[in-house]
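Coordinates in review
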Amino acid sequence: MPAILQLLDLTRTYRGGGHDLTVVQGVSLSINAGTTCAITGPSGSGKTTLLGLCAGLDRATSGSVVLDGHALERLDEDERALLRRDRVGFVFQDFQLVPTLSAVENVAVPLELRRHNGARKLAAELLQRVGLGDRLDHYPVQLSGGEQQRVGLARAFIHRPAILFADEPTGNLDSATGAAVEDLLFELNREAGTTLILVTHEAELAARCGRVIRLMNGTVVADYAPGEHRESTVHSSRGSSVYPHDGAFGPAGSGAAGGRP
Ligand code: ADP
Ligand code: MG
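Being a predicted model, the structure only gives us computed values, none of them experimental.

**Concerning the overall build of the chain**
Regarding its fold elements, the chain presents seven helices and 10 strands. Looking at the chain residue by residue over its 261 residues, the buried ones come to 42%. Sequence-distant contacts, at least 24 apart, represent 71% of the contacts inside the chain between residues at least 6 apart.

**Details of the sheet that holds strand β3 (residues 36–40)**
Taken in spatial order, the six strands of this open sheet run β6-β7-β8-β3-β9-β10, and their pairing is mixed. Across the chains shown, the open sheet's two edge strands, defined by having one partner strand only, are β6 (88–91) and β10 (219–224). If you compare each strand with its neighbour and ignore which way they point, the axes differ by 15 degrees on average. Both β6 and strand β7 (residues 163–167) contribute to a ladder of four bridges, which runs parallel. Considered in β7, the bridge of F90 is made with F165.

**A few points about the sheet that holds strand β2 (residues 19–32)**
Taken in spatial order, the four strands of this open sheet run β2-β1-β4-β5, and their pairing is antiparallel. If you trace the sheet from one side to the other, it starts and ends with β2 and β5 (70–71), each paired once. Two elements, strand β1 (residues 3–16) and strand β4 (residues 62–67), share five bridges in a ladder whose sense is antiparallel. Looking at β4, one finds that L5 is bridged to L67.

**Some thoughts on helix α5 (residues 145–157)**
With 13 residues, α5 extends 19 Å between its outermost C-alpha atoms, agreeing within 8% with the 18 Å of an ideal straight helix rising 1.5 Å per residue. The buried fraction of α5 amounts to 11 of the 13 residues, a majority that puts the element mostly inside the structure. Within the sequence span of α5, burial applies to E147, Q148, Q149, R150, V151, G152, L153, A154, R155, A156 and F157. Along its buried surface, α5 packs onto β6, α3 (103–112), α4 (119–129), β7 and α6 (175–192).

**Let's talk about the site of ligand 1**
Within the structure, ligand 1 sits among Y14, L21, V23, G41, S43, G44, S45, G46, K47, T48 and T49. The set of elements that each furnish at least two residues to the shell around ligand 1 consists of β2 and α1 (47–54). Tallying contributions element by element places α1 first for the shell around ligand 1, with three residues. For the shell around ligand 1, the residue count by class is three nonpolar, seven polar and one charged.

**Points about the environment of L173**
Tracing the sequence through the fold places L173 in the loop between β7 and α6. As a C-alpha pair, L173 and S144 span 29 residues in sequence and 9.8 Å in three-dimensional space.

**What about the confidence of the model for the chain?**
Considering every residue of the chain, the mean pLDDT works out to 88; 87% of them sit at 70 or more. Across residues 230–239 the pLDDT falls below 50, and counting only partners more than four positions away or on other chains, this stretch makes 11 contacts in the model. Across residues 247–261 the pLDDT falls below 50, and counting only partners more than four positions away or on other chains, this stretch makes 35 contacts in the model.

**Overview of the packing of α3 against α4**
Where α3 meets α4, the closest approach of the two axes is 8 Å, and the angle between their N-to-C directions is 125 degrees. When the axes of α3 and α4 are compared, the pair comes out oblique. As for how α3 packs across α4, the hand of that crossing is right-handed. Between α3 and α4, the contacting residues are A103, V104, V107, A108, L111 and E112 on the first element and A119, R120, L122, A123, A124, L126 and L127 on the second. Residue composition of the contact of α3 with α4, by class: 11 nonpolar, no polar and two charged.

Here is what the cut-offs are and how they apply
- Residues numbered from 1 in each chain as written.
- Chains lettered and ligands numbered in written order.
- Predicted model: local features only at pLDDT ≥ 70, side-chain atom pairs only at ≥ 80, totals over all residues.
- Helix = DSSP H or I, 4+ residues; strand = E, 2+ residues; numbered from the N terminus.
- Buried ≥ 20, exposed ≤ 12 C-beta atoms within 10 Å, placed from the backbone.
- Contact = placed C-beta atoms within 7 Å.
- Pairing = 2+ DSSP bridges.
- Axes fitted to C-alpha atoms, helices over the stretch in contact; angles between N-to-C directions.
- Expected span 1.5 Å × (residues − 1).
- Near = placed C-beta within 6 Å.
- Nonpolar A, V, L, I, M, F, W, Y, C, P; charged D, E, K, R; others polar.
- pLDDT = per-residue confidence, 0-100.
- Parallel < 35°, antiparallel > 145°, perpendicular 65-115°, else oblique.
- Left-handed = near helix turned anticlockwise from the far one by under 90°.

As structure tokens, this is what we get:
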């Protein structure tokens, strides 16, 4: 299985206030395409910063990120934006919806950037899938935190990214909605072969992933496969496609669901 993400001695230092703060320090790892990976660690350990570096939203102080075959440090801002547009989905911890766009317009953005016909229709269908079919024309300010999170999630996968980064994607959801959103993420991995990299504090969600990477003070302190030695106790709903009207997604996800038993 080829690597879709490789980090080499990645370091990010924030400068300012008279002192430097290194929040990601010498991280090297490789993640295979089609797998699922959880990043865990205490608050402030650098999870969000690491995710931003991996997705090309932020630039490393030193070291290298190779995303889908592209060394991000060699790309300029426009080239990184194009790579993100075509290959990357990102669910932000703080949602980052466009306040002047309705829910359905927010979700449609990644496809409209690619001048896709029918972006709005697909956006409406995906919002239905995340339980927001009756909120299409609401603006972010009219939505709860959990509802905004689900809009952010639908936006992150509408263009079928090769790799999806999700920063605490169930952090604002009640347990039933959280479980539905989790199922959607893993369906996306299974059906579309999307590589999933998610930050979570929830042990159960981490245990569903093929691999868990634990950060402490910006360095990797554990890297293991939780599914290897025990049966998974959580099962996704089956039989429905993440994308409406699309049963045939290709074989990529079928055998590559993150190495779960
Ligand atoms: P986590 O997601 O694990 O909670 P973060 O990556 O958000 O951690 O933050 C790691 C550390 O970096 C924290 O101490 C935080 O205060 C600091 N930090 C994050 N962003 C910035 C920034 N833009 N400028 C300065 N310090 C920052
Ligand atoms: Mg964070």
